[in-house]
Amino acid sequence: MPTPADKTRRADRILAAGTLPVAATLLTGTVALYIALVAFGNITDFDSNQQFVRHVLAMDTTFKDDDLMWRAIGSTALQDTAYIGIIVWETLAALVLLTATALWAGALRRPQGLRRARRAGTVGLLMVLVLFGVGFIGIGGEWFAMWQSEDWNGLDAATRIVTLAGIVLVVTHLPSADAPADGPAPGPGGSGS
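Quantities reported herein were computed from a predicted structural model and do not represent experimental measurements. (Residues numbered from 1 in each chain as written. Predicted model: local features only at pLDDT ≥ 70, side-chain atom pairs only at ≥ 80, totals over all residues. Heavy atoms only, no water.)

**Comments concerning the overall build of the protein**
Line of reasoning, step 1. When helices and strands are counted, the protein shows five helices and zero strands.
Line of reasoning, step 2. Beginning at the N terminus, the succession of helices and strands in the protein can be written as α-α-α-α-α.
Line of reasoning, step 3. Counting only residues that meet the buried cut, the protein has 36% of its 193 residues in that class.
Line of reasoning, step 4. A sequence separation of at least 24 residues applies to 75% of the contacts in the protein between residues at least 6 apart.
Line of reasoning, step 5. Summing over all exposed atoms, the protein offers an accessible surface of approximately 10900 Å²; the carbon and sulfur share of this is 66%. (Helix = DSSP H or I, 4+ residues; strand = E, 2+ residues; numbered from the N terminus. Buried < 20%, exposed > 50% of the residue type's maximum accessible area, 1.4 Å probe, protein only. Contact = heavy atoms within 4.5 Å. Areas by Shrake-Rupley, 256 points an atom, 1.4 Å probe, with all protein chains shown as cover.)

**Concerning a nonpolar patch on the surface**
Line of reasoning, step 1. A surface patch of nonpolar side chains, about 600 Å² in accessible area, is lined by Trp70, Trp89, Val130, Val134, Ile139 and Trp143.
Line of reasoning, step 2. Examining the composition of the nonpolar patch, we find that four residues originate from one element, helix 4 (residues 114-143), more than from any other.
Line of reasoning, step 3. Note that Trp70 resides in the loop between helix 2 (46-58) and helix 3 (76-107).
Line of reasoning, step 4. Trp70 gets classed as exposed once you look at its relative accessible area, which sits at 57%. (Patch = residues over 30% accessible without salt bridge, like charges linked within 9 Å, V, L, I, M, F, W, Y side chains within 5 Å. Salt bridge = Lys/Arg side-chain N within 4 Å of Asp/Glu carboxyl O.)

**Concerning the environment of Leu164**
Line of reasoning, step 1. Assignment of secondary structure puts Leu164 in helix 5 (residues 155-172).
Line of reasoning, step 2. Along the chain, Leu164 and Val128 lie 36 residues apart, while their C-alpha atoms are 9.9 Å from each other.

**Considering the side chain of Gln79**
Line of reasoning, step 1. Within the fold, Gln79 resides in helix 3.
Line of reasoning, step 2. Classification of Gln79 by relative accessible area gives buried; the value is 3%.
Line of reasoning, step 3. Contacts of Gln79, omitting those with residues within four sequence positions, involve Val53, Arg54, Leu57, Ala58, Ile73 and Gly74.

**Remarks on the packing of aromatic side chains**
Line of reasoning, step 1. Applying the stated criterion to the full structure yields six aromatic pairs.
Line of reasoning, step 2. Ring centres of Phe132 and Phe136 lie 5.1 Å apart, and the angle between their planes is 20°; on these two criteria the pair is classed as stacked. With Phe132 and Phe136 both in helix 4 and four residues apart, this pair spans about one turn of that helix. Of the two residues, Phe132 and Phe136, both sit in the buried class.
Line of reasoning, step 3. Three or more aromatic residues link up through ring pairs in this structure, and these residues are Phe52, Phe132, Phe136 and Trp152.
Line of reasoning, step 4. The ring centre of Trp143 lies 4.2 Å from the NZ or CZ of Arg71, which sits over that ring. (Phe/Tyr/Trp six-rings, centres within 6.5 Å; stacked < 30°, edge-to-face > 60°. Lys NZ or Arg CZ within 6 Å of the ring centre and 35° of its normal.)

**Here's the deal with the nonpolar core**
Line of reasoning, step 1. Among the nonpolar cores identified, the biggest contains 32 residues, and Ile35, Leu97, Leu125, Val128, Phe132 and Phe136 are the most heavily contacted of them.
Line of reasoning, step 2. When contributions to this core are tallied by element, the ones reaching two or more residues are helix 1 (4-44), helix 2, helix 3, helix 4 and helix 5.
Line of reasoning, step 3. With near-sequence residues (within four places) excluded, Leu125 lies in contact with Val31, Leu97, Ala165, Val168, Leu169 and Thr172.
Line of reasoning, step 4. Counting five residues, the second-largest nonpolar core is a separate cluster that includes Trp104, Ala107, Leu114 and Ala117. (Core = buried A, V, L, I, M, F, W, Y, C linked by side-chain atoms within 4.5 Å.)

**Some thoughts on the side chain of Asp80**
Line of reasoning, step 1. Position of Asp80 among the secondary structure elements: in helix 3.
Line of reasoning, step 2. Classification of Asp80 as buried rests on a relative accessible area of 17%.
Line of reasoning, step 3. What Asp80 contacts, discounting residues up to four positions off in sequence, is Gln50 and Arg54.

Rendered as structure tokens:
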């Protein structure tokens, strides 16, 4: 006969198994919506952020230190190619994250779909982290010295996005009773080995 403590532990396990996928669904959906709106904005209002990318790559609002200015890209064709590449990457990340959100939502009813949802979410979140962490913070911020610009500095926004995507990635990889974050998928007997 189960004791009251056993019943409480079981209820806690059930609650934990249900809330993590809900949290992962909502958080992944939040990042998906954000990056979809960013891509949509860049497509429908192409000129606004085109100027941002051009100024960052041209380094024309930095301190113009001779030791750094050799890094500047003055070709508008190359600047625009980089901007189009950013938009394509954002659009693909949005599509992957929207798919992951749908998979998470489906897994709320069918827990066997949690691993697939987690994998898709991981790919999309890593795409966002690479774009804003490597692209904007690393390359834009340091290589092209964006931190020196008072007018064309996107480091604060990029840091917020990296933080959000990183937190969501951690949450989606927390173990739950239905699908532990690590280890093999349950075999036919229901065990993890």
